[in-house]
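# Structural features, examined
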Amino acid sequence: MHEPRSFAYSLSQIETGWRWSVYDEDGETVARGADSSRAAAQAAVERMLKQAPSLSAASPTAA
């Protein structure tokens with residue numbers, strides 16, 4: 001049985017909205033993107049975290 005993986009995320013304000021990234025336990029980016037509003041960026045992060053078992057450091061995504 002596999003132990004659950006832990007993830008962290010960041011949100012950063014940029015000129016055109018908000019940039020977000022999701023990181024694995026090793027600090028590798030496993031997903032990233034940008035949205036026009038903070039709420040949309042937070043929602044995207046939450047969707048990524050719900051998909052956490054399928055996230056792979058080898059394939060970052062962009063919104």
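These numbers come from a predicted model, not from an experiment.

Summary statistics for the chain give a mean pLDDT of 85 and a share of 78% for residues scoring 70 or more. Confidence drops under pLDDT 50 across residues 57–63; counting only partners more than four residues distant or on other chains, this segment forms 21 contacts.

Where strand E2 (residues 17–23) and strand E3 (residues 29–35) come together, six bridges link them in antiparallel fashion. By the bridge assignment, Ser21 is partnered in E3 with Arg32. Counting the residues in the hairpin turn of E2 and E3 gives five residues, including Gly27, whose phi is positive at 85 degrees.

As a further point, take the nonpolar core. If you look at the biggest cluster of nonpolar residues, it comprises nine residues: Trp18, Trp20, Val22, Val30, Ala31, Ala41, Ala44, Val45 and Met48. For this core, the secondary-structure elements that each account for two or more residues are E2, E3 and helix H1 (38–50). Sort the elements by how many residues they give to this core and H1 lands first, with four residues. Sequence-distant contacts of Ala44, defined by excluding residues within four places in its chain, comprise Trp20 and Asp35.

The rules we used
Residues numbered from 1 in each chain as written. Predicted model: local features only at pLDDT ≥ 70, side-chain atom pairs only at ≥ 80, totals over all residues. Heavy atoms only, no water. pLDDT = per-residue confidence, 0-100. Contact = heavy atoms within 4.5 Å. Pairing = 2+ DSSP bridges. Helix = DSSP H or I, 4+ residues; strand = E, 2+ residues; numbered from the N terminus. Core = buried A, V, L, I, M, F, W, Y, C linked by side-chain atoms within 4.5 Å. Buried < 20%, exposed > 50% of the residue type's maximum accessible area, 1.4 Å probe, protein only.

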